[in-house]
Amino acid sequence: PLYLEAFRLERDCDLPERALVIVDEGLKEIPRYGPLWFGAFRICEGIDIQNGDLHLPRTFNYIDRAIKSISRELIWKVQMEAAQALERAAHIAINNEPIKAVGDLLTETRRRFGKTIFSCPENLCWKVWLAAGRMELSAGKFDEARRLFLKSFSVVPTKGRPSVLLECVRLEEFVGNIDLAKAILCKTRTEAKADWKVWLQSVSMEVRSGNRELAISLAQKGLMEHSGTGRLWATLIQLRQEDGEEQQTKALKKALHAVPKSGEVWCEAARIYLNPFSPSFDVDVSSCYLDFATKFTPQYGDSFLEALRQEMVKAIISSSVHVKDTAANLQDCPEKDVLRKIVQVFDNAAGTLITDKRSKLEVDEVIGKLDTTKLELRCSNADPNYGKLWFHSRSRPSDTARKVLEQAKQVIWNDLRDYSFIYVLATMRQETIKYCKTSNMNVNVPSLTELLNKTAWKEDNLLKRISKADFVTGFSEVNGEVDLQSLSLFDRRKFLFGSDLLLTWKPLN
């Protein structure tokens with residue numbers, strides 16, 4: 001364990017070569033110790049891919065050594081890691097050169113899966129059949145994938161049957177057989193309603209199908225069976241966004257009463273206060289809620305990414321002269337003229353922020369100087385392993401928490417180049433409300449949408465395509481609807497199969 005902890009420290013600091021030195025020293029002492037071997041595989045795969053060596057020479061050097069040294073009961077897992085590493089390398093090769101035949105590139109992967117089956121304990125073979133089926137999906141061999149999934153279902157222990165059925169649901173949705181996928185889900189809910197993941201998958205599928213009301217109904221039914229499941233509550237809170245803040249807050253209060261220590265629920269609370277179109281928009285309150293979220297459920301990566309957005313938005317707001325001058329611009333204005341003056345102030349600010357090219361340069365300057373080292377350290381220590389935004393930001397399973405956070409920062413940064421002015425205007429509205437209260441003015445400040453519609457910029461193309469739904473999470477590209485069938489096989493597979501923990505890499509024990 002001492003060598004493993006030292007390895008983790010170097011890995012989390014993005015020092016892979018030093019991490020490998022520690023692995024080698026540890027393996028000299030305990031050559032059968034599995035966690036060090038698996039840590040080496042992950043580090044080496046990242047190095048090989050970064051160097052463009054898609055045959056993974058360093059990775060397979062360690063894999064071949066591990067097969068000779070590791071405990072016999074772990075050999076199947078080594079072969080499984082080898083097969084999945086080869087598959088990921090094949091995907092990268094296809095992405096680099098689309099003219100290559102994916103079936104040919106996966107030949108060695110299939111051979112490794114065969115070796116995995118021969119060395120795998122009988123009670124775990126079902127996982128190997130599932131992994132092999134997923135591989136065939138990305139190769140476009142749907143019938144072969146079905147055959148392998150069926151094989152998995154025939155050998156899975158009773159406890160694992162719901163997991164295999166959910167894989168079958170994803171498979172049918174992958175190929176576009178939505179009705180069959182829903183039929184399997186309906187059967188699974190009847191037979192395995194004790195598994196909360198069945199309900200979460202049912203809700204997610206209806207959301208992707210555009211059936212929000214049915215998704216809400218299924219979430220509520222699922223919560224009757226699993227009232228202590230934070231992820232179901234968080235999904236329901238997000239689904240209520242279209243019903244207005246009152247309904248969303250009502251769902252949030254129920255959730256916090258049922259699961260007061262759910263990081264997913266506290267993250268959704270923070271998202272409400274981070275949405276600039278929300279009447280409750282408040283960056284400081286969101287910071288408090290995200291602190292709860294990261295402490296209660298540190299393995300939920302989305303909370304750290306939203307905390308990153310919060311820090312970036314706060315830095316932009318703090319540097320904005322428009323926010324600082326809001327109260328001063330309203331100074332000495334009679335109460336009867338305040339509303340007109342507010343609209344005038346917003347009109348001037350919107351015009352400058354939308355048309356002045358320096359605004360984007362100022363955003364770059366502010367974020368470029370932003371120190372996020374404390375957040376990076378907290379995230380690295382937590383080592384999150386799931387979350388929709390987290391998986392979206394992770395390009396490879398070998399990516400460290402710091403790497404994922406770095407990639408997410410670039411996504412949020414790009415969004416803020418276009419939309420930072422919305423956060424600034426929302427904060428100006430907040431400052432206006434504070435000014436009216438402290439001045440004892442009985443003024444009902446309009447919502448941000450109403451204020452924008454009163455300005456001369458209401459017909460601007462940028463404003464016309466922005467809505468509250470674009471800020472439900474910190475990634476605008478994730479907030480919109482996705483047409484699965486328009487995605488490539490690889491992207492479709494990542495979307496449907498890349499956000500679960502059944503076969504993905506987990507933190508080392």
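Keep in mind that what you see is a predicted model, and the values were worked out from it rather than measured.

Draft legend 1. Representation of the overall build of the protein chain within the structure. Helices and strands together make up the secondary structure of the protein chain, namely 29 helices and zero strands. Computed over C-alpha atoms, the radius of gyration of the protein chain comes to 26 Å, within 12% of the 23 Å expected from 2.2 N^0.38 for 509 residues, which places it in the range of a compact globule. Dimensions of the protein chain, computed from the C-alpha atoms along their principal axes, are close to 85 × 50 × 45 Å. With 509 residues in all, the protein chain has 52% of them scored as buried. In the protein chain, 68% of the contacts between residues at least 6 apart in sequence involve partners at least 24 apart. Counting only carbon and sulfur atoms, one obtains 52% of the accessible surface of the protein chain, whose full area is about 24100 Å². Of note, the protein chain has its 73 positive side-chain charges centred 3 Å away from the centre of its 69 negative side-chain charges.

Draft legend 2. Looking closely at the confidence of the model for the protein chain. The predicted model of the protein chain has a mean per-residue pLDDT of 90, with 97% of residues at 70 or higher. Across residues 501-509, confidence stays below pLDDT 50; counting only partners more than four residues off in sequence or on other chains, it has 39 contacts.

Draft legend 3. Structural context of helix H1 (residues 2-12). When we look at burial in H1, the residues that qualify are Leu4, Phe7, Arg8, Glu10, Arg11 and Asp12. Just past H1, the residue Asp14 takes up positive phi, approximately 60°.

Draft legend 4. Spatial organisation of the environment of Arg146. Relative to the helices and strands, Arg146 resides in helix H9 (residues 142-155). Residues Arg146 and Leu232, 86 residues apart in the sequence, show an inter-C-alpha distance of 29 Å. In this structure the side chain of Arg146 is engaged in a polar contact, spanning 3.2 Å, whose partner is the side chain of Asp143.

Draft legend 5. The environment of Ser262, seen in detail. With respect to the secondary-structure elements, Ser262 resides in the loop between helix H15 (245-258) and helix H16 (263-274). Residue classification places Ser262 among the buried residues on the basis of a relative accessible area of 5%. Each residue touching Ser262, except ones within four places of it in the same chain, is listed here: Gly230 and Thr297. Separated by 3.0 Å, the side chains of Ser262 and Glu264 make a polar contact.

Draft legend 6. Here's a closer look at the state of the cysteines. Going through the model one piece at a time under the given rule, you end up with zero disulfides. Unpaired in terms of disulfides, Cys120 finds its nearest cysteine sulfur in Cys125, a separation of 4.1 Å. Look at Cys120 and you get buried, because its relative accessible area is 10%. Of all cysteine sulfurs in the structure, the one in Cys379 sits closest to Cys267, which takes part in no disulfide; the separation is 12 Å.

Draft legend 7. Expanded view of unusual backbone geometry. With a phi angle near 55°, Leu56 is a residue other than glycine that sits in the positive phi range. Mapped onto the elements, Leu56 comes out in the loop between helix H3 (34-50) and helix H4 (57-69). The exposure class assigned to Leu56 is buried, which follows from its relative accessible area of 0%. Backbone geometry places Asn440, a non-glycine residue, at a positive phi of 55°. Within the element layout of this structure, Asn440 appears in the loop between helix H25 (401-438) and helix H26 (448-453).

Draft legend 8. Structural detail: the packing of helix H18 (residues 301-319) against H25. Relative to each other, H18 and H25 sit at 45°, their axes nearing to 9 Å. As summarised for this structure, H18 and H25 are arranged oblique, according to the angle between their axes. Between H18 and H25 lies a crossing of right-handed hand. Residues Phe304, Leu305, Leu308, Arg309, Met312, Val313, Ile316 and Ile317 of H18 pack against Leu405, Ala408, Lys409, Ile412, Trp413, Leu416, Ser420, Tyr423, Val424 and Thr427 of H25. Taken together, the residues that form the contact of H18 with H25 break down as 14 nonpolar, two polar and two charged.

Draft legend 9. The packing of aromatic side chains, seen in detail. Under the defined criterion, the tally for this structure stands at 13 aromatic pairs. Here the aromatic rings of Trp266 and Tyr289 are separated by 5.2 Å at their centres, their planes lie at 50°, and the arrangement is tilted. You can see Trp266 sitting in helix H16 and its partner Tyr289 sitting in helix H17 (residues 283-296), a full 23 residues away along the chain. There is no split in this pair, since Trp266 and Tyr289 are both buried. Geometrically, the ring pair formed by Tyr300 and Tyr386 is tilted, given 5.2 Å between the ring centres and 45° between the ring planes. Taken as a pair, Tyr300 in the loop between H17 and H18 and Tyr386 in the loop between helix H23 (373-382) and helix H24 (388-393) lie far apart in primary sequence, 86 residues in all. With respect to class, Tyr300 is no different from Tyr386; both count as buried. Clustering of aromatic rings is evident, with ring pairs tying together Trp266, Tyr273, Tyr289, Phe292 and Phe296. Sitting above the plane of the Tyr62 ring, Arg65 keeps its charged end 4.7 Å from the centroid.

Thresholds applied
Think of each chain on its own: its residues are numbered from 1, step by step along the sequence as written. Per-residue local features of the predicted model are confined to residues with pLDDT of at least 70, and side-chain atom pairs are confined, for both listing and counting, to 80 or more; whole-chain, interface and lining totals are unaffected and use all residues. Side-chain calculation: all heavy atoms of the structure are included, whereas hydrogens and water are not. Comment: elements are numbered from the N terminus, with helices defined as DSSP H or I runs of at least four residues and strands as E runs of at least two. In this description the radius of gyration comes from C-alpha coordinates, and the expected globular size is given by 2.2 Å times residues to the power 0.38. Partly exposed describes any residue whose relative accessible area lies between the buried limit of under 20% and the exposed limit of over 50%, with all areas from a 1.4 Å probe on protein chains only and scaled to the type maximum. Contact definition: two residues touch when any of their heavy atoms are within 4.5 Å. Reported accessibility uses the Shrake-Rupley method at a 1.4 Å probe radius. Residues are deemed covered only where the shown protein chains occlude them. Just so you know, the count uses Lys and Arg for positive and Asp and Glu for negative, and it drops His and the chain ends. Lys charges are placed at NZ, Arg charges at CZ, Asp charges at CG and Glu charges at CD. pLDDT: the predictor's confidence for each residue, scored from 0 to 100. Here a polar contact is taken to be a pair of N or O atoms separated by no more than 3.5 Å, where protein atoms must pair a possible hydrogen donor with a possible acceptor and residues adjacent in sequence count only if both atoms sit in side chains. The disulfide criterion used throughout: a pair of cysteine sulfur atoms within 2.5 Å. In this analysis an axis means a line fitted to C-alpha atoms, helices contributing only their contacting stretch, and an angle means the value between N-to-C directions, from 0 to 180 degrees. Oblique is the label for any angle not covered by the other classes, which are roughly parallel (under 35 degrees), roughly antiparallel (over 145) and roughly perpendicular (65 to 115). Each crossing gets its hand from how the near helix is turned against the far one by less than a right angle, where anticlockwise is left-handed and clockwise is right-handed. Ten residues, namely Ala, Val, Leu, Ile, Met, Phe, Trp, Tyr, Cys and Pro, are considered nonpolar, four, namely Asp, Glu, Lys and Arg, are considered charged, and the remaining ones, Gly among them, are considered polar. In this analysis, rings of Phe, Tyr and Trp, with Trp reduced to its six-membered ring, are considered paired at centre separations within 6.5 Å, and the interplanar angle assigns stacked below 30 degrees, edge-to-face beyond 60, and tilted for intermediate values. In this analysis the charged atom, NZ for Lys or CZ for Arg, is taken to sit over a ring once it is within 6 Å of the ring centre and within 35 degrees of the ring normal.

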